[in-house]
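Residue strings, one per chain:
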Amino acid sequence: MRHLVLLVIMIWFLGCKTQQFNAVSYEVEDLKIEQLTKNTFVHISYLQTEQFGKVPCNGMIVKSGKEAIVFDTPIDDSTSLKLIQWIETELKCRIKAVVVTHFHIDCLGGLKAFHDRGIPSYANKLTIELAKPDNETLPQNGFDQTLELEVGDKKVINAFMGEGHTRDNVVSYFLDEKVLFGGCLIKSLKSGKGNLADANTAEWSNTVKTIKRQFKDVEMVIPGHGKPGGIELLDYTIEMFKE
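What you see is a predicted model, and the numbers here were worked out from it, not measured in a lab.

## Brief notes about the packing of aromatic side chains
Here's step 1: Enumeration over the complete set of coordinates arrives at four aromatic pairs.
Here's step 2: Ring plane angle 35° and centroid distance 6.1 Å describe the contact between Tyr26 and Trp86, whose orientation is recorded as tilted. Placement of the pair is Tyr26 in strand β1 (residues 25-28) and Trp86 in helix α2 (residues 77-91), with a sequence separation of 60 residues.
Here's step 3: Taken together, Tyr26, Phe41 and Trp86 form an aromatic cluster joined through their ring pairs.
Here's step 4: The ring centre of Tyr46 lies 5.2 Å from the NZ or CZ of Lys54, which sits over that ring.

Shown next as structure tokens:
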């Protein structure tokens, strides 16, 4: 009987430790939102491509208190507006900023919707330059290597760690919950190499190794496409592009 009581207490304790929130989810035809941790969410929109068909594209939402930051926009303005409205009505947060992690359409295709609501945007300075030929709407604020943004009483580090998927790709790290948004620089498990049109495959693996050294305590990793996971996504990407 004593052992049974101890087992029940242990199960209850582990349950309380792991189930710290009731996960929120939202889905319509062109947008899906899933809660990953207490204060981080992945938003998923869908890009129709000739080479790969209909591709789910990930972005991240981080909230703290009554503020939120979005990382990468959905693929167009109408879908971005749905995301903005959901954050404002369901999370009851003011969107403080949107961060664009590289110059491809799956990162900034819906940027105008954020600007129309007065939400400032940030990106690597090179991202702004590379986006100019094909986009009327560009990120407003550029940074060189690193940009720290405050959301509520917490911080997110945005950093260029080297070339890979593109010459300008940055990653974003939410320190408080140890969540890394790797964007298209990081591959989901069992995925292929994807779009290499603007890639530096020779440096890709080295860049991810640098990320792994820099953010040693990372627990959750969000790739640009596919399912989030742990540190194994970094290892998988390193191995995929190892020379």
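## Focus: the nonpolar core
Here's step 1: If you look at the biggest cluster of nonpolar residues, it comprises 26 residues, and the most contacted ones within it are Ile61, Leu83, Ile87 and Phe114.
Here's step 2: Sorting the residues of this core by element identifies β2 (31-35), β5 (67-71), α2, β6 (94-100), α3 (105-108), α4 (111-116) and α5 (125-131) as the ones contributing at least two each.
Here's step 3: By residue number, the principal contributor to this core is α2, which donates five residues.
Here's step 4: Once you skip the residues sitting within four places of it in the chain, Ile61 turns out to touch Ile33, Asn39, Thr40, Phe41, His43, Ala68, Ile69, Leu83, Trp86, Ile87 and Leu91.
Here's step 5: Listed in part, the 21 residues of the second largest apolar core include Val42, Val151, Phe174 and Ile222.

## Quick notes on the layout of surface pockets
Here's step 1: Considered as a void within the structure, the largest pocket measures approximately 630 Å³ in volume.
Here's step 2: Around the largest pocket, the lining is made up of 27 residues, and of these Phe52, Val55, Asp106, Asn195 and His225 lie nearest the centre.
Here's step 3: Among the secondary structure elements, those contributing two or more residues to the lining of the largest pocket are β3 (40-49), β4 (53-64) and α3.
Here's step 4: Per element, the largest residue contribution to the lining of the largest pocket is three residues, and it comes from β4.
Here's step 5: Of the residues in the lining of the largest pocket, the class split is 10 nonpolar, 12 polar and five charged.

## Digging into empty space enclosed by the protein
Remark: the empty space left among the atoms is shown by a probe the size of a water molecule rolled over them.
Here's step 1: The full count for this structure, using the stated rule, is one cavity of 30 Å³ or more.
Here's step 2: One number sums up the size of the largest cavity: a volume of about 30 Å³.
Here's step 3: What lines the largest cavity is simply Cys57, Asn58, Asp72, Asp106, Cys107, Phe181, Gly183, Cys184 and Gly224.
Here's step 4: Those elements giving two or more residues to the lining of the largest cavity turn out to be β4, α3 and β12 (179-183).
Here's step 5: Split by residue class, the lining of the largest cavity holds four nonpolar, three polar and two charged.

## Some thoughts on the pairing of β4
Here's step 1: Counting buried residues in β4 gives nine out of 12 residues, a clear majority hidden from the surface.
Here's step 2: Hairpin remark: β3 followed by β4, antiparallel, with three residues in the connecting loop.
Here's step 3: Here β4 runs beside β5; their pairing, made up of five bridges, is antiparallel. Each bridged residue has a counterpart across the sheet, and for Met60 the counterpart in β5 is Phe71.
Here's step 4: Hairpin connection between β4 and β5: a loop of two residues separates the two successive antiparallel strands, and Gly65 in this loop has a positive phi of roughly 60°.

## Points about helix α6 (residues 201-214)
Here's step 1: Between its terminal C-alpha atoms α6 stretches 21 Å, which fits the 20 Å expected from 14 residues at 1.5 Å a residue.
Here's step 2: Along α6, the residues that are buried comprise Trp204, Ser205, Thr207, Val208 and Ile211. Projection of α6 onto a plane perpendicular to its axis shows the buried side chains occupying an angular sector of 160°, all on one side. When the buried face of α6 is taken as reference, the exposed residues oriented beyond 90 degrees from it are Arg213 and Gln214.

## Notes on the state of the cysteines
Here's step 1: Applying the stated criterion across every chain, the model contains zero disulfides.
Here's step 2: The thiol of Cys107 is not disulfide-bonded; the next cysteine sulfur, from Cys184, is found 5.2 Å away.
Here's step 3: Residue class for Cys184 comes out buried when judged on its relative accessible area of 7%.

## Some words on the side chain of His43
Here's step 1: As for its placement among the helices and strands, His43 is situated in strand β3.
Here's step 2: From its side chain, His43 meets the backbone oxygen of Phe71 in a polar contact 3.5 Å long.

## Some details on the sheet that holds β1
Here's step 1: As summarised here, the arrangement of the eight strands in space is β1-β2-β3-β4-β5-β6-β7-β8, forming an open sheet in which the pairing is mixed. Looking at the sheet topology across the chains shown, the edges are occupied by β1 and β8 (141-143). Pairwise comparison of adjacent strand axes, ignoring direction, gives a mean angle of 25° for this sheet.

Conventions we followed
Residues numbered from 1 in each chain as written. Predicted model: local features only at pLDDT ≥ 70, side-chain atom pairs only at ≥ 80, totals over all residues. Heavy atoms only, no water. Phe/Tyr/Trp six-rings, centres within 6.5 Å; stacked < 30°, edge-to-face > 60°. Helix = DSSP H or I, 4+ residues; strand = E, 2+ residues; numbered from the N terminus. Lys NZ or Arg CZ within 6 Å of the ring centre and 35° of its normal. Core = buried A, V, L, I, M, F, W, Y, C linked by side-chain atoms within 4.5 Å. Buried < 20%, exposed > 50% of the residue type's maximum accessible area, 1.4 Å probe, protein only. Contact = heavy atoms within 4.5 Å. 1 Å grid on protein atoms, 1.4 Å probe; cavity = no way out; pocket = protein on both sides within 12 Å on 5 of 7 lines; lining within 4 Å. Points joined across faces, edges and corners; volume = space filled by probe spheres on them. Nonpolar A, V, L, I, M, F, W, Y, C, P; charged D, E, K, R; others polar. Pairing = 2+ DSSP bridges. Expected span 1.5 Å × (residues − 1). Arc of directions from axis to C-beta. Disulfide = S-S within 2.5 Å. Polar contact = N/O pair within 3.5 Å; in protein donor to acceptor, adjacent residues only side chain to side chain. Axes fitted to C-alpha atoms, helices over the stretch in contact; angles between N-to-C directions.

Distances and angles like these do not, on their own, reveal function.
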